[in-house]
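Residues per chain, in single letters:
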Amino acid sequence: MSVPIRNPTWVSRRRLLEQKISDLHRCSSLIQVKQVHAQVFKANLHRESFVGQKLIAAFSLCRQMTLAVNVFNQIQDPDVLVYNTLIRAHVQNSEPLLAFSVLFQMQDRGFCADNFTYPFLLKACSGKDWVRVVEMIHAQVEKMGFSLDIFVPNSLIDSYAKCGLGGIGAARKVFEVMKERDTVSWNSIIGGLVKVGELAEARKLFDEMPERDTVSWNTILDGYVKAGEMDAAFELFEKMPARNVVSWSTMVLGYSKAGDMDMARMLFDKMPFKNLVPWTIMISGYAEKGFAKDAINLYKQMEEAGLKLDDGTVISILSACAVSGLLGLGERVHASIERTRFKCSIQVSNALIDMYAKCGSFDKALGIFHGMAMRDVVSWNAMIQGLAMHGYGEKALQLFSRMKGEGFVPDKVTFVGVLCACTHAGFVDEGLRYFHAMERDYGIPPEVEHYGCMVDLLGRGGRLKEALRLVHSMPLEPNAIIWGTLLGACRMHNATGLAEEVLDRLVKSPQLSDSGNLATLSNIYAAAGDWGNVANIRLRMKSTSIQKPSGASSIEVDDEVHEFTVFDRSHPKSERIYKTIDGLGQHAQHINKLTASLQVVDAEVFLGRKKYC
């Protein structure tokens, strides 16, 4: 009887190490990468190019660029492939200048860039300031003859397109001279045109495409949504041969931004598969519009579906709560964070601070702020702005002093909060000092927002001529908010003459057509008793069909936001509300009559006493 022979189960240590090294570039666990790195040292393989390349890629994936550079420096004879790997690592870790430094080092050592080097470098070039760099790389590509490799011109199109209006023309030229194009080429140029707002031209190229993939359809769909053309977006959406989560999420986002939450919800409910993105869009949309109950119910459903929170979802929902003042939903998200032991990044903590501060819960905002192991400028800005907008100007300025004392350098957002704090506290001279210190001490040139705060500060303080001089000295064009703020200050102080001067400046400007500015000017004339000009302004508003939107008040009760305007009857309980208001009015009248009667009695008693004295 023959006995079956079993294969040996052992594998040599060298073979195991080689296997680990070959898979290393996909490993994102820093502990495992360091273990393999130690084994590489023990086996004396750290000088080998192939091993070094894998280690650099792995450390890059773990966001450990110092260790990646150390690995590179230990390689005895790095080749172009190793240099390319380090360049790519710097680009992936948002270190574009270091990526170009490696290129220059490579060239100094006699190596020439290849058809992989330039696409890696082009990924580092994004934004209008990089156009000249992309042009220089383009020149090198033509010189070296790499334009025939379709991967290189595709990268050029993408980089030029990311440079905005300054690069889209060059992107089109690269696209037009290409002898061979693939779907990526078409998608890159269409995406670039969509980003700069040339939607008609993008659609024309889309219609000319020989083959389209889901990215092509989603790119045009996104263009229509961002342009607010939801009818065209829906028509395209219906024609799509295949839809993915991105397609559905884009449509849900479009209708949510347009304020059509019913349509957004209908599409959301029809989605065949949902990840965190559409849930976040819907919950944030409900929160921004003040639909607290819908937002909270949907958030509960998301938790019941077993979806785990990530930074993007938490920050998006908390930001929406901050905008609309939905404290209830914000607290629920915070409770979920604590219950699930969610690891809060600085960004999440900042979003919590911002939400609590803007909703007026300063104790909770300060609790999170003081509990942060590390803070950044955004953390301080959130607290300063929250205190300032709720009228705690002195506390905001005290926090600003503490911020500087702890070594943080303020940015332009910080100074918006500081100037706003000075406005609410009435600290005119302090505000002027901070305003002048911006550029002098911190190299931050004032922007429109800072000038707006200063005009408001000076206007509230009655220094109207000084405010007007500041507007005249602005290096940029004053916008409607600046003029509106100045007009509001003129109304506060009944400065009819100065208001007319502002009007003279605005008479040919489209900004004057703003209903708020016209109404403010009308009120100034009314306060001065100039009824003729009041009539002229009102006639102008009627002739141009301008109506000043009614002011609105909102209040959150039982996780629901109720909004009211003047003579509003749309609320389901409006009848009871108006009955209560009428009752309060009658009660107030009764109190006034009673008070007046008591005053008469007191006077009679006083006179009687005086008579007999």
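This text goes with the structure placed above it.
Here goes a summary of the coordinates provided. (Residues numbered from 1 in each chain as written. Predicted model: local features only at pLDDT ≥ 70, side-chain atom pairs only at ≥ 80, totals over all residues. Heavy atoms only, no water.)

Check the secondary structure of the chain and you find 33 helices and two strands. The buried share of the chain, reckoned over its 613 residues, is 43%. If you take every contact in the chain between residues at least 6 apart in sequence, the share linking residues at least 24 apart comes to 58%. Summed over its atoms, the accessible surface of the chain is roughly 34300 Å², and 53% of this surface lies on carbon and sulfur atoms. (Helix = DSSP H or I, 4+ residues; strand = E, 2+ residues; numbered from the N terminus. Buried < 20%, exposed > 50% of the residue type's maximum accessible area, 1.4 Å probe, protein only. Contact = heavy atoms within 4.5 Å. Areas by Shrake-Rupley, 256 points an atom, 1.4 Å probe, with all protein chains shown as cover.)

Okay, the state of the cysteines next. In the structure shown here, the tally under the stated rule is zero disulfides. Considering cysteine sulfurs only, Cys453 is the nearest to Cys420, which forms no disulfide, with 5.8 Å between them. (Disulfide = S-S within 2.5 Å.)

Where helix α14 (residues 230-239) meets helix α15 (residues 245-257), the closest approach of the two axes is 11 Å, and the angle between their N-to-C directions is 160°. Classified by the angle their axes make, α14 and α15 are roughly antiparallel. The chirality of how α14 crosses α15 is left-handed. Taken together, the residues of α15 that come into contact with α14 (itself represented by Met230, Ala233, Phe234 and Phe237) are Ser247, Trp248, Met251, Gly254 and Tyr255. Grouping the amino acids of the contact of α14 with α15 by side-chain chemistry returns seven nonpolar, two polar and no charged. (Axes fitted to C-alpha atoms, helices over the stretch in contact; angles between N-to-C directions. Parallel < 35°, antiparallel > 145°, perpendicular 65-115°, else oblique. Left-handed = near helix turned anticlockwise from the far one by under 90°. Nonpolar A, V, L, I, M, F, W, Y, C, P; charged D, E, K, R; others polar.)

Let us now look at the packing of aromatic side chains. Counting across every chain of the model gives 16 aromatic pairs. Geometrically, the ring pair formed by Phe100 and Trp130 is stacked, given 6.1 Å between the ring centres and 25° between the ring planes. A residue pair is termed long-range when its members are at least 10 positions apart, and Phe100 in helix α6 (residues 96-108) and Trp130 in the loop between α7 (117-122) and α8 (131-144) qualify at 30 residues. Judged by relative accessible area, which is 11%, Phe100 ranks as buried. When its relative accessible area of 19% is taken as the criterion, Trp130 is described as buried. Of the aromatic side chains, those joined through ring pairs into one cluster are Phe400, Phe415, Tyr434 and Tyr442. Note that Arg243 overlies the ring of Phe237, its terminal NZ or CZ placed 4.3 Å from the centroid. Above the ring of Phe268, the side-chain terminus of Lys274 is found at 4.9 Å from the ring centroid. (Phe/Tyr/Trp six-rings, centres within 6.5 Å; stacked < 30°, edge-to-face > 60°. Lys NZ or Arg CZ within 6 Å of the ring centre and 35° of its normal.)

Glancing now at the nonpolar core. Counting residues in each nonpolar core, the largest one holds 169 residues, and the members touching the most others are Ile56, Phe100, Ile137, Ile189, Ile190 and Leu329. Discounting residues that sit within four places of it in the chain, Phe100 has contacts with Leu121, Ala124, Cys125, Trp130, Val133 and Ile137. (Core = buried A, V, L, I, M, F, W, Y, C linked by side-chain atoms within 4.5 Å.)

Tallying each qualifying case throughout the model produces 18 salt bridges. The partner of Asp222 in a salt bridge is Lys226, and the shortest N-O contact between them spans 3.1 Å. Within this pair, Asp222 and its partner Lys226 are both found in helix α13 (residues 214-226), separated by four residues, close to a single helical turn. Put simply, Arg172, Glu176 and Glu201 are held in one network by salt bridges that share partners. (Salt bridge = Lys/Arg side-chain N within 4 Å of Asp/Glu carboxyl O.)

Moving on, we get to the environment of Ser345. Within the secondary structure, Ser345 sits in the loop between α20 (327-339) and α21 (346-358). When the C-alpha positions of Ser345 and Met374 are compared, they lie 9.4 Å apart, and in sequence the two are 29 residues distant.

The complete set of buried residues in α14 reads Met230, Ala233, Leu236 and Phe237. Take α14 and look down its axis: the buried residues cluster within an arc of 120°, on one side only. Exposed side of α14, more than 90 degrees from the buried face: Asp231 and Glu238 are the residues found there. For α14, the secondary structure elements touched by its buried residues are α12 (199-208), α13, α15 and α16 (261-270). (Arc of directions from axis to C-beta.)

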